[in-house]
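# Overview (structure and organization)
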Amino acid sequence: MSWGTELWDQYDNLALHTQKGIDFLDKYGNFVRDRCAIELEYASKLRRLVKNYQPKKKEEEDYEYTSWQAFRNVLKEIGDLAGQREIVAETLQAKVIHGISLLSKNLRDDRKKSLTEGAQLTHTLTNQIAALERAKRNYDKSYRDAEKSIENYQKADADLNLSRADVEKHKHNMTMKCQQSDDSKNEYANQLQKSNKLQQTHYETSLPEVFNRLQEIDEKRTKGLKEFIKSAADAESSVAPIIARCLEGIVKASESIDEKEDSLKVIERYKSGFTPPTDIPFEDLSKVDAESSNYSSQNNLGINNMTQKGTMGATKLKKRVGIFGIFGSNKNTLSTDGMKEDFSDLPPNQRRKKLMAKIQEIQQKITQETAAYDGLVKMKGVYEANTMLGDPTTVDAQLNESGSRLEKLKSELKKFKMYLDAANNAQMMQHSPQQHRNMYNGQRSSRHSNGSGENEDGEDNPDDAGSLSRSASEGSVAQAQNGLNINNNGSASPESGLGTSHTSLPGSGQGSANDNTHPEDMYYEAELLQPLGTCKALYPFDATSEGSIPMAEGEELQVIELDQGDGWTRVRRMCGASGWEEGFVPTSYIESTLYA
């Protein structure tokens, strides 16, 4: 079925229909364009929403909880969703909107050309019909004039009163009119033949070709609309798997929330490390002596410096002196946040956390500075090999500055490792079974074990933490002078000075500061070395940095220290008869499974 044969007389309707069809195509293009704007606006608002709810710097510590981490993962997935909406908008813009604009332009040009040709054909046929009508009117007039001239001639020939000349005149007029009638008849017949032929060609060949082209234009427009709608759906379905994975990631983030683990992290975060106060002894006023009076004053002073939560108050903590005297007075050892350099004014657990964070920060700076120093050395070597590239002496000043900064950072790292060793040893001694027994039996009456003392001038003396730190630090210094700390398998590990973190048990991943431990201390240390979970290597890793260990894909390891936010997790493996091997691996390279 074609328009040329079925709709031969519907030129105006076909012209109107094709115009409406192209207008409808443009309308769909406007619809897709508005949808793209909505998709982009939606993606932009999603990104703005994610940005507004990103963790602030002051909230970074809170994101160690699984619920906060899950929310951060949700924000990441929402950001990925926004990206997919942008991809949908870009695909619609590139494939659909651009294609519709191009197709609409081509269809309008083809339609205009076809309608112009159809108008010309119609005009030609109309002119031919008009010429036929004129020829017919001329023939009709000539025929009537000829009949009238014949009738006049017959009347004149029958009238005896007319002269021969008048009769000849009517005869001549009749002959002329008859000739004109014959000529008009021939012209009319000729125009009729031409009109019939043109009309036949017009309605059977020329105009059907125009209508068929219009039909092709309309079908092309309809087919194009079909493809564009399908392309729009394909643009949506192409990102559907990624969107589904984003939603799966959100579900996985929700499943990663562990209320028990968060509760334990609250304990790790706020645990001071102090032991609860012992029972207040009964003071028998009838048997007051110097020793009991001294103990009573010390005990009361200790109680007055306890907070309502049973921990040491900040006022008392800030009066403690440092270890060795190398920490000096508060005037010279305060950090930018108002704390002491060794964080001795914090509770034991919080102090260890701060020291480990400081050590990790210094180690990162050392890594960066070492890379910068190596780069300068290479640059100097290149300049020495080819002086056209630069002067080697210009690099010497930068090398000296970088070297001095590196030495300063190493000195700070060594110092803070000493602080951490002292804090760890003090923590272990304070929590040993023998120490708990002594505290339970109330045998802490001396100044070193009581935790507070006051001289005649009313000034505070160093408490037991300072004394324990002093005795423990002596062993740490001896170890530091001999080189790096020794881990469990006897190998030197630069990270062994990190001690433990707030996410691992105290003492895990490093040897004791005192090798001559008592059996009870050995039992306690063995309890500290329990792993936090296991992990599986997702990718192979070659140890290229100091303190890291290599691993093969699929290898099973034990997790002894969680990621502290620097992208590294501390693990260990069994090395046959040689013992355990510990080190750091990238967190993104492993899949961890923590114990409940």
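Everything that follows concerns the structure shown earlier in this document.
Residues numbered from 1 in each chain as written. Predicted model: local features only at pLDDT ≥ 70, side-chain atom pairs only at ≥ 80, totals over all residues. Heavy atoms only, no water.

When helices and strands are counted, the protein chain shows 14 helices and five strands. Sequence-distant contacts, at least 24 apart, represent 69% of the contacts inside the protein chain between residues at least 6 apart. Here the protein chain has roughly 35,800 Å² of accessible surface; of this, 53% comes from carbon and sulfur atoms. (Helix = DSSP H or I, 4+ residues; strand = E, 2+ residues; numbered from the N terminus. Contact = heavy atoms within 4.5 Å. Areas by Shrake-Rupley, 256 points an atom, 1.4 Å probe, with all protein chains shown as cover.)

Turning our attention to the packing of aromatic side chains. Within the structure shown, the criterion is met by 10 aromatic pairs. Seen from their ring centres, tyrosine 53 and phenylalanine 71 are 6.4 Å apart, and the 80° between their planes marks the pair as edge-to-face. Of this pair, tyrosine 53 sits in the loop between helix H2 (11–52) and helix H3 (66–158) while phenylalanine 71 sits in helix H3, and the two are 18 residues apart along the sequence. We classify tyrosine 53 as partly exposed; its relative accessible area is 47%. Accessibility expressed as a relative area gives 36% for phenylalanine 71, which makes it partly exposed. Their ring planes at 80° and their centres at 5.3 Å tell us that phenylalanine 416 and tyrosine 419 sit as a pair that is edge-to-face. In this pair, phenylalanine 416 and tyrosine 419 are both assigned in helix H10 (residues 393–430), three residues apart and thus about one turn of the helix distant. Given a relative accessible area of 3%, phenylalanine 416 falls into the buried group. These aromatic residues form a ring-pair network of at least three members: Tyr539, Phe541, Trp568 and Tyr589. (Phe/Tyr/Trp six-rings, centres within 6.5 Å; stacked < 30°, edge-to-face > 60°. Buried < 20%, exposed > 50% of the residue type's maximum accessible area, 1.4 Å probe, protein only.)

Looking now at the pairing of strand E2 (residues 556–561). Side-chain direction in a regular strand flips from residue to residue, so the side chains alternate between the two faces of the sheet. Buried residues dominate E2, accounting for five of its six residues. Here strand E1 (residues 533–537) pairs with E2 via four bridges, running antiparallel. By the bridge assignment for E2, cysteine 535 is matched with leucine 557. Two strands pair when backbone bridges link them, and E2 and strand E3 (residues 568–574) are joined in this way by three bridges, in the antiparallel orientation. When the bridges of E3 are listed, valine 559 appears paired with valine 571. (Pairing = 2+ DSSP bridges.)

With that out of the way, let us pick up a nonpolar patch on the surface. Taken together, Leu49, Tyr53 and Phe71 make up a surface patch of nonpolar side chains, about 300 Å² in accessible area. Assignment of secondary structure puts leucine 49 in helix H2. (Patch = residues over 30% accessible without salt bridge, like charges linked within 9 Å, V, L, I, M, F, W, Y side chains within 5 Å. Salt bridge = Lys/Arg side-chain N within 4 Å of Asp/Glu carboxyl O.)

Spatially, five strands are ordered E4-E3-E2-E1-E5 in an open sheet, and the strand pairing comes out antiparallel. Since the sheet does not close on itself, it has two edges, and those belong to strand E4 (580–586) and strand E5 (590–594), each with one partner. When strand polarity is set aside, the average angle formed by the axes of neighbouring strands in this sheet is 40°. Relative to E5, E1 runs antiparallel, the two sharing five bridges. Paired with glycine 533 across the bridge in E5 is leucine 594. (Axes fitted to C-alpha atoms, helices over the stretch in contact; angles between N-to-C directions.)

To continue, consider the side chain of serine 104. With respect to the helices and strands, the residue serine 104 is situated in helix H3. Taking the relative accessible area as the measure of exposure, serine 104 reaches 4% and is therefore buried. A distance of 2.6 Å separates a polar atom in the side chain of serine 104 from a polar atom in the side chain of aspartate 26. Non-local contacts of serine 104, meaning those with residues more than four positions away in its chain, are made with Ile22, Leu25 and Asp26. (Polar contact = N/O pair within 3.5 Å; in protein donor to acceptor, adjacent residues only side chain to side chain.)

As a further point, take the environment of lysine 410. Tracing the chain through its elements places lysine 410 in helix H10. Note: C-alpha distance between lysine 410 and glutamine 363 (47 residues apart in sequence) is 8.4 Å.

The element E4 is extensively covered by neighbouring structure, given that five of its seven residues are classed as buried. When E3 meets E4, the two strands line up antiparallel, connected through seven bridges. The residue of E4 that forms the bridge with valine 571 is glycine 583.

What follows deals with the packing of H2 against helix H4 (residues 164–255). Between H2 and H4, whose axes approach to 10 Å, the crossing angle comes to 15°. Classified by the interaxial angle, the pair formed by H2 and H4 is roughly parallel. Where H2 crosses over H4, the two elements pack in a sense that is left-handed. Listed contacts from H4 to Tyr11, Leu14, His17, Thr18, Gly21, Ile22, Phe24, Leu25, Tyr28, Arg35 and Glu39 of H2 are Leu207, Phe211, Leu214, Asp218, Arg221, Leu225, Phe228, Ile229, Ala232 and Glu236. Its residues assigned to classes, the contact of H2 with H4 comprises 13 nonpolar, three polar and five charged. (Parallel < 35°, antiparallel > 145°, perpendicular 65-115°, else oblique. Left-handed = near helix turned anticlockwise from the far one by under 90°. Nonpolar A, V, L, I, M, F, W, Y, C, P; charged D, E, K, R; others polar.)

Let us now look at the environment of aspartate 391. By the element assignment, aspartate 391 lies in the loop between helix H9 (348–385) and H10. Since its relative accessible area comes to 39%, aspartate 391 is described here as partly exposed. Each C-alpha atom of the pair aspartate 391 and lysine 380 lies 8.2 Å from the other, and the pair is 11 residues apart in sequence. In terms of polar contacts, aspartate 391 uses its side chain to reach the side chain of threonine 393, at 2.6 Å.

Right, let's talk about the nonpolar core for a bit. If you look at the biggest cluster of nonpolar residues, it comprises 35 residues, and the most contacted ones within it are Tyr28 and Leu92. Elements represented by at least two residues in this core include exactly H2, H3 and H4. Apart from the residues within four sequence positions on either side, tyrosine 28 is in contact with Val96, Ile100, Leu225, Phe228, Ile229 and Ala232. Residues Phe343, Ile359, Leu413 and Tyr419 belong to the second largest nonpolar core, which totals 14 residues. (Core = buried A, V, L, I, M, F, W, Y, C linked by side-chain atoms within 4.5 Å.)

What follows concerns the pattern of salt bridges. When the charged atoms of two side chains lie near each other, side chains of opposite charge can form a pair. Applying the stated criterion across every chain, the model contains 25 salt bridges. The partner of glutamate 39 in a salt bridge is arginine 85, and the shortest N-O contact between them spans 2.9 Å. Residue glutamate 39 is found in helix H2, and its partner arginine 85 is found in helix H3; the two are separated by 46 residues along the sequence. Both residues of the pair, glutamate 39 and arginine 85, belong to the buried class. Across the salt bridge formed by aspartate 109 and lysine 105, the nearest N and O atoms sit 3.4 Å from each other. In this pair, aspartate 109 and lysine 105 both sit in helix H3, four residues apart, roughly one turn of the helix.

Keep in mind these numbers describe shape, not what the thing actually does.
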